[in-house]
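So the chains spell out like this:
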Amino acid sequence: MYAFAYHRPATARQAAGLLAKKEDAKLLAGGHTLLPTMKQRLASPAHLVDLGACADLRGIERKGRNLVIGAMSTHAEVAASSIVQEAIPGLAWLASHIGDPHVRHRGTIGGSVANNDPAADYPAACLALGATIVTNRRKIEADAFFTGLYETALEEGEIVTKIAFPVASKAAYAKFRNPASRYALVGVFVAKRGSDVRVAVTGAGEGGVFRWPEGEAALKVRFAPKSLDGVKASAKGVNADMHADAEYRAHLIGVMAKEAVARAVGK
Amino acid sequence: MASVSLTVNGRAVAANVDPRTLLVQLLRENQRLTGTHVGCDTSQCGACVVHVDGKAVKSCTTLALSCEGAAVTTIEGLATDGALHPMQEAFREHHGLQCGYCTPGMIMAAVDIVNRRGFSLDEKTIREDLDGNICRCTGYHNIVKAIAAGAEAMGGRSMAGKEPPRQAAE
Amino acid sequence: MSSQTSAGTGIGASVRRKEDHRYITGQGRYTDDINRPGQAHAWFLRSPHAHATIKSIDAKAAAAMPGVLAVFSGDDLAADKVGGLICGWMIHNKDGSPMRAGAHPALAQGKVRYVGDHVCVVIAETLAQARDAAEAIVVDYGVLPAVVDTASAAGARSVVHAEAPDNTVFNWHLGNKDATEAAFKAAAHVTRLDIVNNRLVPNPMEPRAAVGDYDQGEGAFTLYTTSQNPHVARLVLSAFIGIAPENKLRVVAPDVGGGFGSKIFIYAEETVCVWAAKKVGRPVKWTSDRTEAFLSDAHGRDHVTHAELATDADGKITALRVKTTANLGAYLSTFSSSVPTYLYAPLLSGSYDIPAIYAEVDAVYTNTAPVDAYRGAGRPEATFVVERLVEVAARELGKDPAKFRMQNYIKKFPHQTPVIMMYDAGNYGASMKKALEIIDYKGLGKRKRDSARNGKLRGIGFSSYIEACGIAPSAAVGSLGAGVGLWESAEVRVNPVGTVEVLTGSHSHGQGHETTFAQLVSGRLGIPIENVSIVHGDTDKVQMGMGTYGSRSGAVGMSAIFKALDKVIAKGKKVAAYVLEADEADIDFTEGHFTVKGTDRKLDFGSCALQAYVAHKFNGQDLEPGLKEGAFYDPTNFTFPAGVHICEVEIDPDTGVTAIERWAAVDDFGVVINPMIVEGQVHGGIAQGVGQALLEGAKYNADGQLVTASFMDYCMPRADDLPSFDVGMTVTPCPSNPLGIKGCGEAGAIAAPPAVINAITDALGHEDIAMPATPMAVWRAAQKTVKRMAAE
């Protein structure tokens, strides 16, 4: 790592103040992407603002039709939360399958969403569930939030404070893991709310997480695994690397979508 | 330099460190607790696993300064009053180690699995929960056996029939 | 065999390991745990290019940076007349000329030859300072085209070493060419396969490390290093690289966190650390990070082979021939040349009676990391060729693969193969029968039907491997080109009250020698195992020894201890004869007591030791006081462990995921010292073999960049990739050493890959899959199967 100055604010407001004041400052949430990147000297912020002590960024609550999760909630906290398990069990399942147990003890939902790693799991849930990303300045719809590889609608100095997930009637996630890194090679989150069905795919898109309209259309007719028979995801715009070429990844979108739907309908 | 105060294996520690010091460096270099190892640069191998406030974390991916006020337990702090922890005993009894390098992280991860999932662990659960720990020697066969036995022994040692506290909901 | 059965602490007992206490309590002492007073830190500037000339190096700015003590390049080593790294095994070409080897300087001189090659070392007060300064070194490279591909390296226009103008290190052959050609002409059937044995990265969990120290007063160096063979390291660093005379160079290999071959070799980093300690007048420490390990640890395997098997009308194998190209990387690592030659071709007879065998091996230089021995070293490559050929031949001939193997097994011993080896003992049919029972071969048909009903493809794969361990005798390996002898040494020091220290030239880095060696001593001397300490890994303590690799420590290392114990007991009898006032010829030694035949007079071992040291009961002129004996043991032959592994897989054709459902392993390791430890070795070996077959593969792109340079992309076997294994054993004692031991360290890694691939191809119904059989590869291969099944 290159040298940096460390700050540990107690509130999101203090954190925002530090971000505004310090040149080349970066936020540290769980650190499970940023610290390895810094260790490899691929990132070199002059200031690191650790959100670990910001109690106002924690907490999980049910607010009417929304499940609201504080940005600094760890994956383990989300996975184990009875509130999440009751409201959107598919989201708890997703959280319980991110990384490994140790990563889940440190990694946070806010960090994952703000980083928008193309193989991260949470962006698929946000997009499929139609979540709202709440920052210290505004509310951003998931559809407008994830703008590209590691790119989001967040502006300079903006901090994700919580994420609000509208509760779906049926929702589930399935992922095929990269055998080496264990990140999502392809992850598919399906959600049904009323007549609306959304299918979001992570790990596969050249531009990061995306929605799969053909899958959504098929599932709107009937929300069942069989509805996806013969529905093929296009390999256009799909990632290719040594673990999976575009054709295989596109194929897995269909397989994972089916598995997610089966899980959502309890089969 | 910046200061950090925490407890390590029940002992209060105050240290003045370069902010880029990782928890594992604080433990190995500052505290000379060399039982915690480093096996990779990408947060995958788990040789560095310690408990921070009772939860298994990768100390190679945690800044020392982030542990302000935390209680850290390392492999050196697992045995109490000279008596091995049941999980340590189980690793020896079931030959759950060969070169010993991944072992401290494995044992700390194993205790964490029991803390989260209770004393009765099936093979599938153990294998899935070892996702964050790599061993190159054992083929995991005996590690899995050791963890199942260690979990049972931990149950026997705590009050009869009482499950360990599951991880707090939030 | 249950690992729980244990009778006492002698041979055959599953004694719990003596070394474990320090490991499970965090008290192990690995090289990176060692810190010397005043220690500085080294960081190596490595080549970002696979192939380039070094036009200039400007390190002025770096040398002036905070904390920097020195920056050295290849010129500094040359100026100090530090020799290059060596390859210790001379191979000769078909025409008898010696192999063509280029120089291997510890820091590059004029040219870099792979990504990760060592350009400069920066030594600074802290590691971060050294790394910061390395970034300030300006190197002007003249980038050259990279030679990467194994099969086409010999024809490449770019030349890695001027000494080998066609990038070919040697063209070597073994076997009987004429007889083989004649047999193929007469064959009723010929099976042909093209095989790639994928390149692997050893990845012991402990990365390499070195601490060099120089004592100015004594003019003596100490090197703490992650080595499987500290004496060999000292020999090479002293006699060839010229760091210091042997008596002024101590090499310590403390606890070592796994090796698998990769820590046999003498590397650039430890050479530089020990040399630089004198230059800067400070201890110098280097610890590899995992990325550096991927780039610069010696890799394994990397063969491209065309193989053919001839059979007669009765299904009897009549001949085998191979043409193999082996990639040795950018430089010849310490034992690299022996791996695709004498550790490979002599194993091509497998467990089978094959009258004619001919192997041609071309070894090539490429702009990739050096390739050398990795768990099995040559024998997995040979076994993969043989077991794939035999499996495919059985399928082509419509024969049951188990029966076809049994038909062709060698059944009479000793058996001379056409490729050097004289197999001394074995019973391959017994292992096969036991393995078939364990796997429930009879129930396979039903299991296949059940899988098919669930849309899955099930297959079974056999691997009837043989290996050659305890490479010896020294005179024989010397005649084949080895630069060293392959004996082992032991010294048994009995202390005055009967506790024992055994100094062994073997080195333990996970194998449990501190327990198994102590079992031998405890059993033979009849003393408690706690009274035995095994000392290894320090050239100042232990006499010259050859170290641990090639599953040799039991067969060779323990045999040396056995011989030394013979001498201890013989000397003890002399002492006892004086003490018990009897004739030496009447003294027996059993269960820890010297007794006088036909009487009840006896002397326990500890009392005998005390008498030996106080020397009150005998005249020191007639009998030397003390009880300490040494032995150097040179075996009469290789040992030949063999066995049958059967793997059963289920493939999901929708995702390409291969699940290993069952694994039966029946190995014949001869006499087993500690079943618990031996089973552990089998488990670990299988895991590495499964890794090769399903998960692992080092990949360089066309520019010579290693694209699998971390655990993010290089897939290590994890717990949920593997099943539990059913391990059985058969025992035919090895007649070539006093203990009957054959060796067990590499068996799993040798047996597993063909078992897995044979199972997958059985499930697929075609042979079109290469290692690693990743989900994507299997999915693609399964599409063929599904289409064909739909058409049927």
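These figures come from a predicted structure and were not determined experimentally.

Give a description of the confidence of the model for chain B that names residues and reports values.
All names here are of chain B. For chain B, the average pLDDT comes to 93, and 93% of its residues sit at 70 or higher. Here residues 164-170 scores under 50 on pLDDT; set against residues more than four positions off or in separate chains, the count is 16 contacts. Among the prediction metrics, the complex's ipTM stands at 0.96, with pTM recorded as 0.97.

Outline helix H1 (residues 23-30) of chain B, listing residues and values.
Residue and element names in this part refer to chain B. Of all the 8 residues making up H1, 6 are buried; the element is thus mostly covered by neighbouring parts of the structure. Within H1, the full set of buried residues consists of Leu23, Val24, Gln25, Leu26, Leu27 and Arg28. Its buried side turned inward, H1 meets strand S1 (2-8) and strand S2 (11-17). Of the residues one or two after H1, Arg32 is the one with positive phi, at around 55°.

For the environment of Ala87 of chain A, give the residues involved together with the corresponding values.
Residue and element names in this part refer to chain A. Considering the arrangement of structural elements, one finds Ala87 in helix H4 (residues 82-87). The exposure class of Ala87 is buried, given the 22 C-beta atoms found within 10 Å. Excluding residues that lie within four positions of it along the chain, Ala87 makes contacts with Arg62, Leu67 and Val167.

So what's going on with the domain arrangement of chain A? Residues and values would help.
Residues and elements named next belong to chain A. Once the domains are mapped, chain A shows domain 1 (5-50), domain 2 (59-166) and domain 3 (170-264). If you average the C-alpha positions of domain 2 and of domain 3, the two centres end up 19 Å apart. Contacts between domain 2 and domain 3 engage 24 residues on the former and 25 residues on the latter. Broken down by secondary-structure element, the contributors of at least two residues to the side of domain 2 that touches domain 3 are helix H5 (89-95), helix H8 (122-129) and strand S8 (146-148).

Can you tell me about helix H15 (residues 553-579) of chain C, naming the residues and giving the values?
All names here are of chain C. Its 27 residues give H15 an end-to-end C-alpha distance of 36 Å, which sits within 8% of 39 Å, the value for a rise of 1.5 Å per residue. Of all 27 residues that make up H15, 19 are buried, and the element is covered over most of its length. Downstream of H15 by one or two residues, Glu581 has phi in the positive range, about 50°.

Please provide a residue-by-residue account of the interface of chain C and chain B, values included.
Contact with chain C, which involves 41 residues of that partner, is made by 42 residues of chain B. At the level of secondary structure, the elements contributing two or more residues to the side of chain C that touches chain B comprise helix H1 (20-24), helix H8 (290-296) and helix H17 (675-695) of chain C. Considering each element in turn, the side of chain C that touches chain B owes the most residues, 7 residues, to H17 of chain C.

I'd like to hear about the interface of chain A and chain B, residue by residue, with values.
Contacts between the two partners involve 28 residues from chain A and, on the opposite side, 26 residues from chain B. Listing elements by their share of the side of chain A that touches chain B, those giving two or more residues are strand S1 (5-7), helix H2 (34-39), helix H3 (75-80) and helix H6 (101-106) of chain A. The dominant element in the side of chain A that touches chain B, judged by the number of residues it contributes, is H6 of chain A, at 5 residues. A per-class count over the side of chain A that touches chain B returns 12 nonpolar, 9 polar and 7 charged.

Any details on the domain arrangement of chain B? Residues and values, ideally.
Residue and element names in this part refer to chain B. We note that the domain assignment places domain 1 (2-77) and domain 2 (86-157) within chain B. Taking only C-alpha atoms into account, the centre of domain 1 sits 21 Å from that of domain 2. With 16 residues of domain 1 at the interface, the matching set in domain 2 holds 12 residues. Within the residue set of the side of domain 1 that touches domain 2, elements represented by two or more residues are strand S3 (49-52) and strand S4 (55-58). When residues of the side of domain 1 that touches domain 2 are assigned to their parent elements, the largest contribution, 3 residues, is made by S3. Grouping the constituent residues of the side of domain 1 that touches domain 2 by class yields 7 nonpolar, 8 polar and 1 charged.

Summarise unusual backbone geometry; cite the residues concerned and give the values.
Here the residue pair Ala472 of chain C and Pro473 of chain C is connected by a cis peptide bond, since its omega of -5° sits within 30 degrees of zero. Mapped onto the elements, Pro473 of chain C comes out in the loop between strand S18 (457-466) and helix H13 (474-479). Omega for the peptide link from Met771 of chain C to Pro772 of chain C comes to -10°, which places this bond in the cis form. Inspection of the secondary structure assignment puts Pro772 of chain C in the loop between helix H18 (747-764) and helix H19 (775-791). Although it is not a glycine, Asn9 of chain B adopts a positive phi angle of roughly 55°. Within the secondary structure, Asn9 of chain B sits in the loop between S1 and S2. The backbone phi angle of Ser43 of chain B is positive, close to 60°, even though this residue is not glycine. Along the chain, Ser43 of chain B turns up in the loop between H1 and S3. Owing to 26 C-beta atoms within 10 Å, Ser43 of chain B belongs among the buried residues under this scheme.

So what about the nonpolar core? Which residues, and what values?
Ranked by size, the top nonpolar core spans 416 residues in total, and within it Val188 and Val190 of chain A together with Val122 and Ile561 of chain C carry the most contacts. Take this core: its biggest share by element is 13 residues, from H15 of chain C. Those residues in contact with Ile561 of chain C, other than ones at most four positions away along the chain, are Ala490, Val492, Val502, Thr504, Phe517, Leu520 and Val521 of chain C.

Quick one: what's the story with the pairing of S3 of chain B, residue by residue and with numbers?
All names here are of chain B. Every second residue of S3 is oriented toward a common face, with Val49 and His51 on one face and Val50 and Val52 on the other, all of them buried. Where S3 and S4 come together, 4 bridges link them in antiparallel fashion. Within S4, the residue paired with Val49 across the bridge is Lys58. As consecutive antiparallel partners, S3 and S4 are separated by 2 residues, and within that stretch Asp53 has a phi angle of approximately 50°, a positive value. Relative to strand S5 (residues 71-73), S3 is paired through 2 bridges, and the arrangement is antiparallel. The partner of His51 across the bridge, within S5, is Thr73.

The rules behind these values
- Residues numbered from 1 in each chain as written.
- Chains lettered and ligands numbered in written order.
- Predicted model: local features only at pLDDT ≥ 70, side-chain atom pairs only at ≥ 80, totals over all residues.
- pLDDT = per-residue confidence, 0-100.
- Contact = placed C-beta atoms within 7 Å.
- Buried ≥ 20, exposed ≤ 12 C-beta atoms within 10 Å, placed from the backbone.
- Helix = DSSP H or I, 4+ residues; strand = E, 2+ residues; numbered from the N terminus.
- Domains from an automatic or database assignment.
- Expected span 1.5 Å × (residues − 1).
- Nonpolar A, V, L, I, M, F, W, Y, C, P; charged D, E, K, R; others polar.
- Core = buried A, V, L, I, M, F, W, Y, C linked by C-beta atoms within 7 Å.
- Pairing = 2+ DSSP bridges.

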